[in-house]
Amino acid sequence: MYFQRIGDLREDSDRKQVEVAKYLGMTQSTYSSYERGDINIPVEALIKLADLYDVSLDYLVGRSKDPKRR
């Protein structure tokens, strides 16, 4: 499944893929595969990304337009 917002949020916060991958405890290659939608993102990684960007999971996966809806 492809989640457009994980790449957008990373770029908006001026982070590199390698930085986010390190935060998530994975390789840049794996993280890049998540952004492209080549492989599914584990729930644990989605939770960490929502925490990193201070947004709700619903926003992160495109179920809400409100980033703060919890």
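Nothing here was measured: the structure is a model prediction, and the numbers come from that model.

Calculation notes
Residues numbered from 1 in each chain as written. Predicted model: local features only at pLDDT ≥ 70, side-chain atom pairs only at ≥ 80, totals over all residues. Heavy atoms only, no water. Phe/Tyr/Trp six-rings, centres within 6.5 Å; stacked < 30°, edge-to-face > 60°. Lys NZ or Arg CZ within 6 Å of the ring centre and 35° of its normal. Core = buried A, V, L, I, M, F, W, Y, C linked by side-chain atoms within 4.5 Å. Buried < 20%, exposed > 50% of the residue type's maximum accessible area, 1.4 Å probe, protein only. Helix = DSSP H or I, 4+ residues; strand = E, 2+ residues; numbered from the N terminus. Polar contact = N/O pair within 3.5 Å; in protein donor to acceptor, adjacent residues only side chain to side chain. Contact = heavy atoms within 4.5 Å. Arc of directions from axis to C-beta.

**Q** When you look at the packing of aromatic side chains in this model, what are you seeing that I'm missing?
**A** Describing an aromatic ring pair means giving the distance of the ring centres and the angle of the ring planes. According to the stated counting rule, one finds 0 aromatic pairs in the structure shown. Across the ring face of Tyr59, the terminal group of Arg5 is positioned such that the distance to the ring centre comes to 4.0 Å.

**Q** How do you make sense of the nonpolar core when you look at a structure like this?
**A** General note: in soluble globular proteins, nonpolar side chains tend to be found buried as a group. In this structure, Ile6, Tyr31, Ile41, Leu49, Tyr53, Val55 and Leu60 are the most contacted members of the largest nonpolar core, which totals 17 residues. Mapped by element, the contributors of at least two residues to this core are helix H1 (4–12), helix H2 (17–24), helix H3 (28–36), helix H4 (43–53) and helix H5 (57–60).

**Q** What's the story with the side chain of Glu35 in this structure? I'm lost.
**A** Secondary-structure assignment places Glu35 in helix H3. You can call Glu35 buried: its relative accessible area is 13%. In terms of polar contacts, Glu35 uses its side chain to reach the side chain of Gln17, at 3.0 Å. When neighbours within four sequence positions are excluded, Glu35 is seen to be in contact with Tyr2, Ile6, Gly7, Arg10 and Gln17.

**Q** What's the story with H1 in this structure? I'm lost.
**A** Within H1 the residues assigned to the buried category are Ile6, Gly7, Leu9 and Arg10. All buried residues of H1 project into a common sector of 165° when viewed along the axis, lining one side. Facing away from the buried side of H1 by over 90 degrees, the exposed positions are Glu11 and Asp12. Of the surrounding secondary structure, the elements contacted by the buried residues of H1 are H2, H3, H4 and H5. Just past H1, the residue Asp14 takes up positive phi, approximately 55°.

In short, shape yes, function no, at least from these values alone.
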